[in-house]
Amino acid sequence: MTDFRVDDPPRVLERRLPRRVAARVSRQRPRAFASRASGPAAWLLRGLLALYVLAPFYFLFLVSIQTRAESLSVPPEWFPSLDFSNYTAVLSRIFSDAPATTAADLIWPGIRNSAVVAIAVAVVNLVTGATAGYAFARFRFPGRRVIPLAMLGSQMVPSFVLIIPYYVVLRNLGLTNSRWGVVVALLSITLPFTVWLMRAYFENIPVELDRAARIDGCTRTSAFLRVILPLARPGLISIGLFAFMIAWNDFLFSIILVSDQEQILVQPAIAGLYNVREQSFGIMAAGSLLAAMPTMVLALITQRYLVRGLLAGAKKG
Amino acid sequence: MVDDNTALNRRRAGARLPWTNNEAPEWLTAYAYALPALGLTILLFAYPLAHSLWMSLHSVDLAGRLQDFVGLDNYVTVLTDDLFLPALWRTVRFSLAIIVGTVLLSIMFALSLNDPFPGRAVFRSIMILPWSVSQVMLALTFGWIFNSTYGPLNGLLLEWGLVTDYRSWFADGTTVLNILSFAVAWNLVPFATLLFTGALQTVPDDLHKAARIDGAGAVARFLYVTLPAIKDTVLVVIVLATLNAFLTFAPIMILTGGGPGSDTTLLSWWGYEVGFRKFRLGEAAAIFYLMTVVLAAIAIATVIVLGRRPQDAQT
């Protein structure tokens, strides 16, 4: 990202101003220009922001590494005892084939099933979304303007409207209790946005590159595959991640379309951990932090792509 | 910058890419490229959307089979239900709280991140974290923080002497709704802040300088220079916040079940209850369609009010 240059001198202005005014302007320059909080106020805001973002995570993390007794102490213990038994309780299921008996036993199967679902959703989005985005960005054909707009508009349709037909149709087809039913349902809410974003992304790549490739003897398809697609890699990364995150974090479809314990997905699995009566808050915190780990790590690593990719789409919106 | 290419490309879109005679016509190739995504979208999105509308006009049995065509009966049943108006009003109030809170907080935070300072990159990275977690995680996190017996918030308040007795946060409907809107806003604000920091960098410095020379104070400069320049992002954030507010579901299901009483029964939760607890699928489809209409109305109103540009008004 390009940063603002604060010390960019307003020379042109100064030259035309009376000396007294110009002097005042120069004197004030270090205090920067409007709409920037600076000095102590800015640091106060930044501190608040850090607290606002991190405190909830800290509270959850804190209870996840406390013993059960500590987590149930009144008033709360503010420092952890570094007890990792909650994590080992959840992760021990990796090596166990015994049938699940508690809600915590379902976390690992949930993570495994959701990994399959989310990767499948991301891959289909990438393959079909990228080619369609290219078509809408480059080719002239009836519908090249209207269809992407309709796809953007579809983002305003709440997924609740789709859940009833999906529930009915998938049950008639015998596809409830299958991860693939959820994959299909998630494609419906991710794909239109993917096409829109990819189109925006391809439109930012100069059309001269296509021309040059064609003149050098590429067919349309090889120009797309060999020249444009590699250039669009940041866009592809952001839509792939985006689709993965939506699939991983989905609760609505996952809980309505899957009722079989074998096929449980990650969000319903961690939702099952909230059990005020059992008071197993440590397990709840550890399980949900583990379940959030993949999206958190991916988002941290690729923060830049995510924001830029979304902004590219937003600017056209 | 990349954006300049867009305009160029748009202008040149009239000029065809060179092509030779042994290639298929351009429109055919185009449809071949677009077909997988287009076909999937029609099959998986447009068809269910139409099917849902069709269902809302029928009486539907427990298994989801369509019975008789009843016209708008399902809508009449829903609209005259005692729960409808309160649920709608609650949803609108809930959304407004989230929208206003998100826009104000994120602009404020974005301004504080606008100047370079040590640690800025780290800040920007951690800001993506709340946005990357699911609604379920939100529910669990805030359910724990506000837990009335063991939760850290009551502990902190007591330790700082702000309360003398533990408060049970989930007993009062209004408080619960506030907690839920705070949770949703927590999810949105850091992400919106990132969008605003991006937008603030496009505000022309010269305009600020000129405004200063004209004697504009900090507030006036924000209102007349910064705000118009980031208006598009404000629009995006409002639409994003509205959508997220309307789609709030997991926290209600996990934490409140629509209660106490029906104090946290938003449209989304009400539709779910009617459809998947009482299995009145036709009415549920009607509720969700009404929800879509309200959402679309808000989005269109936002775009009309904020989307107008000064130059549009002149031409």
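The notes below deal with the structure included here. It should be emphasised that the depicted structure is a prediction, and the values quoted were computed from it without experimental measurement. (Residues numbered from 1 in each chain as written. Chains lettered and ligands numbered in written order. Predicted model: local features only at pLDDT ≥ 70, side-chain atom pairs only at ≥ 80, totals over all residues. Heavy atoms only, no water.)

Notes on the overall build of chain A
In step 1: Broken down by element type, chain A carries 16 helices and 0 strands.
In step 2: Within chain A, the proportion of its 317 residues that are buried is 56%.
In step 3: By sequence separation, contacts in chain A at least 24 residues apart represent 72% of the contacts at least 6 residues apart.
In step 4: Here chain A has roughly 14,100 Å² of accessible surface; of this, 63% comes from carbon and sulfur atoms. (Helix = DSSP H or I, 4+ residues; strand = E, 2+ residues; numbered from the N terminus. Buried < 20%, exposed > 50% of the residue type's maximum accessible area, 1.4 Å probe, protein only. Contact = heavy atoms within 4.5 Å. Areas by Shrake-Rupley, 256 points an atom, 1.4 Å probe, with all protein chains shown as cover.)

A short note on empty space enclosed by the protein
In step 1: One pass over the full model with this rule turns up 6 cavities of 30 Å³ or more.
In step 2: Of the volumes computed, that of the second largest cavity is approximately 80 Å³.
In step 3: If you trace the second largest cavity, you find 13 residues lining it, with L62, Q66, P76 and E77 of chain A together with W144 of chain B closest to the centre.
In step 4: Contributions of two or more residues to the lining of the second largest cavity are made by α3 (40-64) and α4 (68-71) of chain A.
In step 5: Here the element with the most residues in the lining of the second largest cavity is α3 of chain A; it accounts for 3 residues.
In step 6: Residue composition of the lining of the second largest cavity, grouped by class: 8 nonpolar, 3 polar and 2 charged. (1 Å grid on protein atoms, 1.4 Å probe; cavity = no way out; pocket = protein on both sides within 12 Å on 5 of 7 lines; lining within 4 Å. Points joined across faces, edges and corners; volume = space filled by probe spheres on them. Nonpolar A, V, L, I, M, F, W, Y, C, P; charged D, E, K, R; others polar.)

Looking at the packing of helix α6 (residues 107-138) of chain A against helix α2 (residues 26-56) of chain B
In step 1: It is at 8 Å that the axes of α6 of chain A and α2 of chain B come closest, and there the two elements cross at 145°. Along this stretch, α6 of chain A crosses α2 of chain B, giving a crossing that reads as left-handed. Each of V124, T128, T131, A132, Y134, A135, F136 and R138 of chain A in α6 of chain A lies in contact with α2 of chain B, whose residues at this interface are E26, A30, Y33, A34, P36, A37, L38 and L40 of chain B.
In step 2: Looking at side-chain class alone, the contact of α6 of chain A with α2 of chain B contains 12 nonpolar, 2 polar and 2 charged residues. (Axes fitted to C-alpha atoms, helices over the stretch in contact; angles between N-to-C directions. Left-handed = near helix turned anticlockwise from the far one by under 90°.)

Structural notes on unusual backbone geometry
All names here are of chain B.
In step 1: Backbone geometry places F279, a non-glycine residue, at a positive phi of 55°.
In step 2: By secondary structure assignment, the location of F279 is in the loop between α14 (267-277) and α15 (281-307).
In step 3: Judged by relative accessible area, which is 26%, F279 ranks as partly exposed.

Focus: the packing of aromatic side chains
In step 1: With the rule as written, the count across this model stands at 38 aromatic pairs over all chains.
In step 2: Ring plane angle 35° and centroid distance 5.8 Å describe the contact between Y134 of chain A and Y33 of chain B, whose orientation is recorded as tilted. Taken together, the residues Y134 of chain A in helix α6 and Y33 of chain B in helix α2 connect one chain to another.
In step 3: Taking relative accessible area as the criterion, Y134 of chain A reaches 1% and is therefore assigned buried.
In step 4: Where F84 of chain B meets W270 of chain B, the ring centres are 6.3 Å apart and the plane angle is 45°; that geometry is what we call tilted. In this pair, F84 of chain B is assigned in helix α4 (residues 84-114) and W270 of chain B in helix α14, connecting sequence segments 186 residues apart.
In step 5: Taking the relative accessible area as the measure of exposure, F84 of chain B reaches 10% and is therefore buried.
In step 6: Taken together, the aromatic side chains of F160, Y167 and F251 of chain A together with F249, W269, Y272, F276, F279 and F288 of chain B make up a single cluster linked through ring pairs.
In step 7: Sitting over the ring of W43 of chain A, R46 of chain A keeps its end group 4.6 Å from the ring centre.
In step 8: Above the face of the F117 of chain B ring, R46 of chain A is positioned so that its terminal group lies 3.7 Å from the ring centre. (Phe/Tyr/Trp six-rings, centres within 6.5 Å; stacked < 30°, edge-to-face > 60°. Lys NZ or Arg CZ within 6 Å of the ring centre and 35° of its normal.)

Notes on a nonpolar patch on the surface
Residue and element names in this part refer to chain A.
In step 1: A contiguous nonpolar surface patch, about 350 Å² in accessible area, is contributed by M293, V297, L300 and I301.
In step 2: Among the secondary structure elements, V297 is positioned in helix α15 (residues 281-301).
In step 3: Overall, the relative accessible area of 39% leaves V297 in the partly exposed class. (Patch = residues over 30% accessible without salt bridge, like charges linked within 9 Å, V, L, I, M, F, W, Y side chains within 5 Å. Salt bridge = Lys/Arg side-chain N within 4 Å of Asp/Glu carboxyl O.)

What about the interface of chain A and chain B?
In step 1: Counting residues at the interface gives 123 residues for chain A, matched by 122 residues for chain B.
In step 2: Summed over both partners, the interface of chain A with chain B buries about 11,400 Å², with 71% contributed by carbon and sulfur atoms.
In step 3: Where chain A packs against chain B, one counts 0 salt bridges.
In step 4: Our count for the contact surface shared by chain A and chain B stands at 12 residue pairs in polar contact (both at pLDDT 80 or more).
In step 5: Sort the elements by how many residues they give to the side of chain A that touches chain B and α3 of chain A lands first, with 15 residues.
In step 6: Counted by class, the side of chain A that touches chain B contains 84 nonpolar, 20 polar and 19 charged residues. (Buried area = accessible area lost by both parts, 1.4 Å probe. Polar contact = N/O pair within 3.5 Å; in protein donor to acceptor, adjacent residues only side chain to side chain.)

Digging into helix α11 (residues 220-231) of chain A
In step 1: Taking 1.5 Å as the rise per residue, α11 of chain A with 12 residues should run 16 Å; its terminal C-alpha atoms sit 16 Å apart, in good agreement.
In step 2: Looking only at α11 of chain A, the buried set comprises R220, S222, A223, F224 and I228 of chain A.
In step 3: For α11 of chain A, the elements touching its buried residues are α6, α9 (179-203) and α10 (207-215) of chain A together with α2 of chain B. (Expected span 1.5 Å × (residues − 1).)

What to know about the pattern of salt bridges
In step 1: Enumeration according to the criterion identifies 4 salt bridges over all chains in this entry.
In step 2: Residue R199 of chain A is joined to E203 of chain A by a salt bridge in which the shortest nitrogen-to-oxygen separation is 3.8 Å. Of this pair, R199 of chain A and E203 of chain A both sit in helix α9, 4 residues apart, which is roughly one turn of the helix.
In step 3: By relative accessible area, which is 7% here, R199 of chain A ends up buried.
In step 4: Between E283 of chain B and R280 of chain B there is a salt bridge; the shortest N-O distance is 3.0 Å.
In step 5: Looking at E283 of chain B, the relative accessible area reads 15%, which means it is buried.

With respect to the nonpolar core
In step 1: Residues I164, F202 and L257 of chain A together with I254 of chain B are the most contacted members of the largest nonpolar core, which totals 194 residues.
In step 2: Here this core gets 17 residues from one element, more than from any other, and that element is helix α9 (residues 173-200) of chain B.
In step 3: The contacts of I164 of chain A, once residues within four sequence positions are left out, are M55, F276, L281, A284, A285 and F288 of chain B. (Core = buried A, V, L, I, M, F, W, Y, C linked by side-chain atoms within 4.5 Å.)

Here we look at the environment of D73 of chain B
In step 1: Tracing the backbone shows D73 of chain B in helix α3 (residues 73-79).
In step 2: Linking D73 of chain B and S59 of chain B, residues 14 residues apart in sequence, is a C-alpha distance of 8.6 Å.

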